[in-house]
Amino acid sequence: MPTGFQSVFTAEERKELRLLYARLRHSLGDVVVYDDFRKIKNTVSNDALASLPRDRFGRHPLTHALATAGELCDRVSPDRSMTMAVMLYNLVKHGLMTRDKLLGEWGEDVGRLVDGLMKVAGLYSRQASVQSDNFRKLLLAFAEDIRVIIIMLVDRLVLMRAINHHPSEKLVAEVAMEANYLYAPLAHRLGLYQIKSELEDMSLKYTDRQKYTEIARKLNETKVARDAYIADFIKPVRERLEAEGLKFDIKGRTKSIYSIWNKMKKQHNDVEDIYDLFAIRVILDVPKEREKSACWLTYSLITDMYTPNPKRLKDWLSIPKSNGYESLHITVYGPGNKWVEVQIRTRRMDEIAEKGLAAHWKYKGIRSENSLDAWMANVRDILEAADSGPMELMKNLRMDVYDKEVFAFTPKGDLYRLPKGATLLDFAFNIHTGLGSRCTGGKVNGKNQKINYRLQSGDTVEIFTASAQVPKRDWLNYVVTAKARNKIRVALKEMDTRTSELGREMLQRRFKNRKLELDEGMLSRTVKKMGYKTVTDFYSALADESLDINHVVDTYVGLELKVAGEDSARVSASEYVMQPVADDQGRPVDSDILVIGDNIRGINYRLSKCCNPIFGDDVFGFVSSEGVIKIHRDDCPNAANIRRKYPYRVIRTRWSGRLGSQFGATLRIVGHDDIGIVTNITSIINKEKDVTLRNISIDSNDGLFQGFVVVGVNNTASLDALIRKLRTVKGVKDVSR
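Computed from a predicted structure; not experimentally measured.

Asker: What should I look at first to understand the overall build of the chain in this one?
Answerer: From N to C terminus, the chain includes 28 helices and 20 strands. Counting contacts in the chain only where the partners sit at least 6 residues apart, residues at least 24 apart contribute 67% of the total. Per element, the accessible surface of the chain, about 38,000 Å² overall, is 48% carbon and sulfur.

Asker: Would you mind showing me how to read the pairing of strand 8 (residues 415-419) here?
Answerer: Strand residues, when the strand is regular, have side chains that alternate between the two faces of the sheet. Pairing of strand 7 (residues 405-409) with strand 8, which is carried by five bridges, proceeds in the antiparallel orientation. Bridged to Val406 within strand 8 is Leu418. The hairpin formed by strand 7 and strand 8 contains five residues between the paired strands, and Gly413 there has a positive phi angle of roughly 100°.

Asker: Please explain helix 13 (residues 223-243) as it appears in this structure.
Answerer: Each turn of an α-helix holds 3.6 residues, which means side chains three or four residues apart point in the same direction. In this model helix 13 runs 30 Å from its N-terminal to its C-terminal C-alpha over 21 residues, within 8% of the 30 Å that 1.5 Å per residue would give. Of the residues making up helix 13, those classed as buried are Arg226, Tyr229, Ile230, Phe233, Ile234, Val237 and Leu241. A positive backbone phi angle near 80° is found at Gly245, which sits one or two residues after helix 13.

Asker: Just to check I follow, could you spell out the nonpolar core for this structure?
Answerer: When a protein is soluble and globular, its nonpolar side chains tend to lie buried together. Counting residues in hydrophobic clusters, the biggest one holds 77 residues, and the most contacted among them are Ile149 and Met160. Ranked by residue count, the leading element in this core is helix 9 (residues 146-162), at 12 residues. Membership of the second largest hydrophobic core comes to 27 residues, among which are Ile234, Phe248, Leu284 and Cys295.

Asker: Help me understand the pairing of strand 18 (residues 691-701), please; the structure alone is not making it clear to me.
Answerer: Across the 11 residues that make up strand 18, a large majority, nine, are buried. The pairing of strand 18 with strand 19 (residues 704-713) spans 10 bridges and is antiparallel. Along strand 19, the bridge assignment pairs Thr692 with Gly712.

Asker: Looking at this structure, I do not really get the packing of aromatic side chains. What am I missing?
Answerer: According to the stated counting rule, one finds nine aromatic pairs in the structure shown. Taking the centre distance of 5.7 Å and the plane angle of 80° together, the rings of Tyr416 and Phe427 count as edge-to-face. Here the residue Tyr416 occupies a position in strand 8, and Phe427 occupies one in helix 20 (residues 424-431), the gap between them amounting to 11 residues. An angle of 55° between the planes, with centres 5.5 Å apart, marks the rings of Phe538 and Tyr539 as tilted.

Asker: Looking at this model, I keep getting lost on the pattern of salt bridges. Mind explaining?
Answerer: Where charged atoms of side chains with opposite charge meet at close range, the side chains can pair. One pass over the structure, following the stated rule, counts 27 salt bridges. The residue Asp496 makes a salt bridge to Arg473 at a minimum N-O spacing of 3.1 Å. One end of the pair, Asp496, is in helix 22 (residues 482-513); the other, Arg473, is in the loop between strand 11 (461-465) and helix 22, with 23 residues separating them in the sequence. The class of Arg473 is exposed, set by a relative accessible area of 52%. One network of salt bridges, in which partners are shared, links Arg23, Glu71, Asp74, Arg161 and Glu198.

Asker: What is the right way to look at the layout of surface pockets in this model?
Answerer: Space left empty within the atom packing is revealed by a probe, the size of a water molecule, rolled over the atoms. Estimated volume of the second largest pocket: approximately 910 Å³. If you trace the second largest pocket, you find 29 residues lining it, with Tyr89, Lys93, Asp155, Arg156 and Leu159 closest to the centre. For the lining of the second largest pocket, the secondary structure elements donating two or more residues are helix 4 (61-75), helix 5 (80-93), helix 7 (108-124), helix 9 and helix 10 (169-189). Here the element with the most residues in the lining of the second largest pocket is helix 9; it accounts for five residues. Of the residues belonging to the lining of the second largest pocket, the class tally is 16 nonpolar, four polar and nine charged.

Asker: Help me out: how do you make sense of the sheet that holds strand 10 (residues 447-449) in this one?
Answerer: Sheet strands pair via backbone hydrogen bonds, and the direction of the pair is either parallel or antiparallel. The antiparallel open sheet is built from three strands, whose spatial order is 10-9-11. One side of each edge strand has no neighbouring strand; the edge strands of this open sheet are strand 10 and strand 11. Put simply, the sheet's adjacent strands are angled 30° from each other on average, direction ignored. One ladder, built from three bridges, connects strand 9 (residues 439-444) with strand 10; its direction is antiparallel. Within strand 10, the position partnered with Lys443 by the bridge is Asn448. Along the sheet, helix 20 makes contact with strand 9, strand 10 and strand 11, crossing strand 9 at roughly 105°.

Asker: How do you make sense of the side chain of Thr653 when you look at a structure like this?
Answerer: Along the chain, Thr653 falls in strand 16 (residues 650-654). For Thr653, a relative accessible area of 6% corresponds to the buried category. A polar atom in the side chain of Thr653 sits 3.0 Å from the backbone nitrogen of Gly621. A polar side-chain atom of Thr653 sits 2.9 Å from the main-chain carbonyl oxygen of Ile651.

Asker: Looking at this model, I keep getting lost on the packing of helix 1 (residues 11-28) against helix 4. Mind explaining?
Answerer: In helix packing, the relevant descriptors are the interaxial angle and the interaxial distance, both defined with respect to the helix axes. Between helix 1 and helix 4, whose axes approach to 9 Å, the crossing angle comes to 30°. Comparing their axes, helix 4 and helix 1 come out roughly parallel. Remark: the crossing between helix 1 and helix 4 carries left-handed chirality. In contact with Glu16, Leu17, Leu20, Tyr21, Arg23, Leu24, Ser27 and Leu28 of helix 1, helix 4 contributes Leu62, Thr63, Leu66, Ala67, Ala69, Gly70, Glu71, Cys73 and Asp74. For the contact of helix 1 with helix 4, the residue count by class is 10 nonpolar, three polar and four charged.

Conventions we followed
Going along each chain's sequence as written, the residues are numbered from 1 onward. With pLDDT at 70 or above as the cut-off, local features in this predicted model cover only qualifying residues; side-chain atom pairs require 80 or more to be listed or tallied, and sums for whole chains, interfaces and linings still use all residues. Side-chain descriptors were evaluated using all non-hydrogen atoms of the structure, hydrogens and water having been removed beforehand. Where helices and strands are cited, they refer to DSSP runs of H or I of at least four residues and of E of at least two residues respectively, numbered from the N terminus. Contacts are assigned to residue pairs with any non-hydrogen atoms lying within 4.5 Å of each other. Under the convention used here, a 1.4 Å probe and the Shrake-Rupley method define accessible areas, while residue burial counts only the protein chains that appear. When DSSP locates at least two bridges between a pair of strands, those strands are taken to pair. To estimate the expected span of a helix, count its residues, drop one, and scale the result by 1.5 Å. Residue burial is assigned from relative accessible area. The probe radius is 1.4 Å, only protein chains are included, and a residue is buried under 20% of its type maximum, exposed over 50%, and partly exposed in between. Put simply, a nonpolar core is a bunch of buried Ala, Val, Leu, Ile, Met, Phe, Trp, Tyr and Cys residues held in one set by side-chain atoms that sit within 4.5 Å of each other. Within 6.5 Å between ring centres, the rings of Phe, Tyr and Trp (the latter by its six-membered ring) count as paired, and their orientation is classed by plane angle as stacked under 30 degrees, edge-to-face over 60, tilted in between. When a carboxyl oxygen of Asp or Glu lies within 4 Å of a side-chain nitrogen of Lys or Arg, that pair is called a salt bridge. For cavity detection a 1 Å grid was placed over the protein atoms alone, and a set of points counts as a cavity when a 1.4 Å probe fits there but cannot get out; an open set counts as a pocket when protein lies on both sides within 12 Å along at least five of seven lines, with lining residues being those that have an atom within 4 Å of a point. Grid points are joined across faces, edges and corners, and a volume is the space filled by probe spheres set on the points. Classification used: nonpolar for Ala, Val, Leu, Ile, Met, Phe, Trp, Tyr, Cys and Pro, charged for Asp, Glu, Lys and Arg, polar for all others including Gly. Orientation is described by lines fitted to C-alpha atoms, with helices fitted over the stretch in contact, and by angles between N-to-C directions that extend from 0 to 180 degrees. Pairing of N or O atoms within 3.5 Å defines a polar contact, subject to two protein rules: one partner must be a possible hydrogen donor and the other a possible acceptor, and residues neighboring in sequence count only if both atoms are side-chain atoms. Should an angle fall under 35 degrees it is called roughly parallel, over 145 degrees roughly antiparallel, and 65 to 115 degrees roughly perpendicular, with every other angle called oblique. Here a crossing is taken to be left-handed if its near helix is turned anticlockwise relative to the far helix by less than a right angle, and right-handed if that turn runs clockwise.

Laid out in structure tokens, this is it:
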């Protein structure tokens, strides 16, 4: 340590510093050479020590840095770069060392870690709420090196330990809540379970010391009895499992104080009433092919000894959780009339659960992202299994989980997450639809920007609006978020609808003035003839006067006259006459095409309620607009009207006969009005193996034909193959069931 540091620290602090320094030297071993310690001593001079301000809790940065570096070595891994970054960070932060000097003396790796710590520290000056998922993600995005996050976690652990007896309860509570919400979940994601558990317990201790002390005291009072109970419970289970020849480990574990407190809140009980203060875990050593049978055998043996609670059975063996978690959880009535939770799993299942694929924070229902889960699992593997030292391997492991997102602040410090490439307009719509619709631009980090400005992480954005502003169609080119795009489209559609209504009213008035009847069908043909894809576009063009309304009326009248004088002698698809077909035995099928009976299961038909036909009545079939065949009696009150208006949809029907072994199916075909196309269709059907043409009815209108074809098929595969072939016929527009 620097020789003149006596004037800066109290005697008690000097004693603590010596102990911390000795601990760090011992923990680092050969990882840090003597020359590094010499340079640190020279860098942390007496003037530097005196210039460094103490934190809000009165602790000197050197004391905190030594404690943090020591914990990093003990809890994670001895690492030169992390240790040096922790020791030098405050010197750079307070301007006592330049970045160039840092890089020149300590190298790029240490410099990158210090830069990451500086970025994260800058977040707190934004006054953003740390109790926000977005804040946690921005933290990860700014800390580009995973080691920065690990340093922060250990730093917070050291701080939490140091403020135990600080007089300002408000300051302590703020740090405690932040540790519980932000740092404890991050520690759990990284597999640093001891740090996570200690942070949670201390957080409870500082925010509700009375409850913490009460739970700790009761746990301590009952520890001997609890350990004895676990041993009594396990003993007969162990004997039964060994008698069955199973290889296993069995152990009991007491839950943390924070976990017990959570149970007490949820169940509204006292400590004595929480039956699962501890859990028994049975881990079986069996081959993968015997896993389920071994787990259920263990379940059977335990429930033979102890009565199970069926409501508390959780079977994640038969259907594992979506995150891969597999286990069998049961709750049994143990000795002394106490409920005991037992978890049964194999060694493989236990490794998956422990290594993060089914991390505890996730399968308890806390929200997460799959990409972060997978990345964190990879980090945990490196932490636990790296032969050359985990920190060495993690130097080049960058935190790019959120490289496809940006995070921006409002002037009040509220934080919003958007996809990478999001613009100022996206930001406005993300806050509120009304704000986005009236957006005219904004101010980003104090500079005026247009609505198409692309945001960067950390930007502070203020939105400008105008009451007369409305969404424009070219705004769709400026946004990337689905929310903004959908809201703009809705607004544009509403404006188009209002304009369209105005155009429709204009056209109706003009037709009325010229004493013309407006037929919707003829109007649709007019719209298409004039080159408009939709009626809305057509009416909008009338409203904005880009289309002359008199020209529209003249076109309508001319088209109406042309249709009236159309050549009636042309050969239409409706002129097609189907040739008789034979049944399965080669016998001619008579005029009764649709045969209804128990042997036919494929035809979709319904008995009409208007006449309630029954077996034996003279009936006919009518193909409805939805493709369902409705069966009517010949003397149905609606029969005459149906035959007059829709003769092409009528199918002759009888109650007897059968289609052999085939199923009946009705196809709707739309195509160009040409009898040759229909001939090609029937030719394909007749040539198709295991397909029989039963009936075809055609109606033509405006150059198109619509036909309903009834075929007999053996199975759906044959029908699907037929549909695919019919769709390839030139002139056919659509084939559907």
